[in-house]
Amino acid sequence: MTTSIISRGVRYVSTSAKAHHKVLVVGGGSGGLNVANQVYNKYKSEGKKLNEGDIAIVDAAEFHHYQPGWTLVGAGLKEKHDLRRRLTSLIPSYIAHHSENVASFSPETSSLTTTSGASLSYDTLIVAAGLKINFEAIENLPKALADPTSGVSSIYSYETCDKAWSDISSLRTGKAVFTQPAGIIKCAGAPQKIMWMAWDWYRRNNRGDKIDIDFISGMPTMFSVKKYSDALNALRVERGVGGKFEHNLVSIDPANRVASFKTAEGLVEKDYTILHVTPPMGPHDFIKSSPLADAAGWVDVDPATLQHKKPEYKNVFSLGDCSSLPTSKTAAAITAQTPVLVENLTKFLETGEVGKAAYDGYTSCPLLTGYGELMLAEFVYGLKPKETFHELFGIDQVTPRRAFYHLKKDFFPWVYYDRMVNGRWFGPKGISPPTFSS
Ligand code: UQ1
């Protein structure tokens, strides 16, 4: 089969005819767009030569979504259509685009095949493919999400993030249950952010004493970092929100509005009027089944250099949700990972060895705690807080603040599409790229 791909005038025919790229990026999400553009920007700013098609992105998605905004949709603060862009509109003409998905990796020959059967080869590969949300792992969840009257919603998909708002805002009395699964998910704060917004909505609309709220999590605590977890748990108790931990949602009975949770003591049932579900997540199958994966299925990269751990795959790098990096999976993390990867990859292209840039595990979780307030968690490897505004102004970020709320609601969505997708935003470092000693 022959597929022709047109990227703003640059036409790639990917078929049995091979296409070769100096830097091949798998994924046109936050990580992929950010890293492809930063590689390009770095070459340009150093006056180095790049040929047409040296950098390419492989991704068949029609739309790119600003997913951090889906919590805001679930809280009635944004329209979901405003948060997405056509992927082709975000890929500049100087970056080639194969509008296809990857079927399999062959790192031993520095190549991959796409779902149409085309073969693409590379000097270096960057895997930035995101993760997979396992809706079907919870019995009856897909059916309940598709039914507009079920009271079951999730901010973890474009299709259902607005249903979360209609369910939450229309509830007058009853039980609102919010779940978080055991295990790794992206944006581990989101399951409770949406719960805090619902709590505040009911309080502001005088429904607080007619609605019981429960947060039921497969995790042992409210949050991974103790400092924030303790504060969030204190808030939960103060606000009268029920908390159950190590309770992992496994099935829903939509007809009777009962959710079942697996615990160490067996199954526990809980009835609900509305149920907000955060499904379990994991690596994509095409990564898990590839030689690039670690035992858990993530791309097995060095936590500091972001280069593949196997010496025979040293021209492979990864960042973001699909990577094995032992930190929480957020766009904020990508802002710190990308410059490190770009530094190491460009040095590798020149010398065959990575540079000295090392990722410290920086990630952030802007935890909405209500309308007009947000706790800005920021931390590094070892679950150690590393707070930008504490370093700058001595402000303790565990205290929810209005300024942080506006960062999340107004500033980040803007800076994301204005600067981050084109590689000109460096998270806490703002618009100036970090420098590394070489
Ligand atoms: C950030 O840069 C960013 O990207 C636009 C986010 O959006 C999802 C964030 O949530 C955070 C926290 C950052 C980090 C930036 C600062 C100024 C702390």
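Residues numbered from 1 in each chain as written. Predicted model: local features only at pLDDT ≥ 70, side-chain atom pairs only at ≥ 80, totals over all residues. Heavy atoms only, no water.

## Looking at the domain arrangement of the protein chain
By a frequent convention, interface size equals the accessible area lost on bringing the separate parts together. Here is the rule: Where each domain begins and ends follows an automated or database-derived domain assignment. Contact definition: two residues touch when any of their heavy atoms are within 4.5 Å. By convention in these notes, a salt bridge is any Lys or Arg side-chain nitrogen within 4 Å of a carboxyl oxygen on Asp or Glu. Whenever two N or O atoms come within 3.5 Å, that pair is a polar contact, provided that in protein one can donate a hydrogen and the other can accept it, and provided that, for residues adjacent in sequence, both atoms are side-chain atoms.
Domain boundaries assigned for the protein chain yield domain 1 (3-131 + 283-357) and domain 2 (133-280). Using only C-alpha atoms to locate each centre, domain 1 and domain 2 end up separated by 33 Å. Tallying the contact residues gives 17 residues for domain 1 and 18 residues for domain 2. Where domain 1 packs against domain 2, one counts 1 salt bridge. Residues lysine 80 and aspartate 162 are paired through a salt bridge, measuring 3.3 Å at the closest nitrogen-oxygen approach. Where domain 1 touches domain 2, the interface holds 5 residue pairs in polar contact (both at pLDDT 80 or more).

## Description of the packing of aromatic side chains
The condition that has to hold: In summary, the pairing rule links any two rings of Phe, Tyr or Trp, Trp by its six-membered ring, whose centres are within 6.5 Å, and it sorts them by plane angle into stacked for under 30 degrees, edge-to-face for over 60 and tilted for everything else. Going along the chain from the N terminus, every DSSP run of H or I of four or more residues is numbered as a helix, and every run of E of two or more is numbered as a strand. Burial here depends on accessible area, computed with a 1.4 Å probe over protein chains only, as a share of the maximum for the residue type. Under 20% is buried, over 50% is exposed, and the range in between is partly exposed.
One pass over the full model with this rule turns up 16 aromatic pairs. Each ring, one from phenylalanine 105 and one from phenylalanine 286, has its centre 5.9 Å from the other, and the planes form 25 degrees; the classification is stacked. Taken together, the positions of phenylalanine 105 in strand β8 (residues 102-106) and phenylalanine 286 in helix α8 (residues 285-288) put the pair 181 residues apart, joining distant regions of the chain. Judged by centre distance (5.8 Å) and plane angle (40 degrees), the ring pair of phenylalanine 389 and phenylalanine 404 falls under tilted. In this pair, phenylalanine 389 is assigned in helix α10 (residues 388-393) and phenylalanine 404 in helix α11 (residues 402-420), connecting sequence segments 15 residues apart. Relative accessible area serves as the criterion here: at 22%, phenylalanine 389 is assigned to the partly exposed category. We classify phenylalanine 404 as buried; its relative accessible area is 5%.

## Things to note about the packing of helix α5 (residues 161-170) against helix α6 (residues 190-204)
We count it as follows: Whenever a helix is involved, its axis is fitted only over the stretch in contact; in every case the axis is a line through C-alpha atoms, and angles between N-to-C directions fall within 0 to 180 degrees. Here a crossing is taken to be left-handed if its near helix is turned anticlockwise relative to the far helix by less than a right angle, and right-handed if that turn runs clockwise. In the scheme used here, Gly and all other residues not listed as nonpolar or charged are polar, with Ala, Val, Leu, Ile, Met, Phe, Trp, Tyr, Cys and Pro taken as nonpolar and Asp, Glu, Lys and Arg as charged.
For the pair α5 and α6, the least separation of the axes is 10 Å and the interaxial angle reads 35 degrees. Crossing geometry of α5 relative to α6 is assigned as right-handed. From α5, Trp165, Ile168 and Ser169 reach across to α6, where they touch Ile194, Ala198, Trp201 and Tyr202. Residues of the contact of α5 with α6, tallied by class, amount to 6 nonpolar, 1 polar and no charged.

## Some remarks on the UniProt feature "domain: FAD/NAD(P)-binding" (unreviewed entry) in the protein chain
Selection rule: UniProt positions are given in the numbering used here, feature names are shortened, and annotations may be inferred rather than shown by experiment.
This chain's UniProt record puts "domain: FAD/NAD(P)-binding" (unreviewed entry) on residues 22-134. When the span residues 22-134 is considered, its composition is 22% helix and 34% strand, and the gap between its end C-alpha atoms is 34 Å.

## Some points on the sheet that holds strand β23 (residues 373-380)
Let me state the cut-off plainly: Two strands qualify as a pair provided DSSP detects at least 2 bridges between them.
Overall, antiparallel pairing links the 3 strands, which are arranged β22-β23-β24 in an open sheet. Both edges of this open sheet fall to β22 (363-370) and β24 (384-385), since each of them pairs with a single strand only. Here β23 runs beside β24; their pairing, made up of 2 bridges, is antiparallel. Across the sheet, residue valine 380 finds its bridge partner in β24, namely lysine 384. Running over the sheet, α11 touches β22 and β23 and is turned about 85 degrees from β23.

## As for α5
Listed in full, the buried residues belonging to α5 are Cys161, Lys163, Ala164, Asp167, Ile168 and Ser169. Contacts made by the buried residues of α5 are with α2 (70-74), α4 (141-146), β12 (152-153), β13 (174-180), α6 and β19 (274-276).

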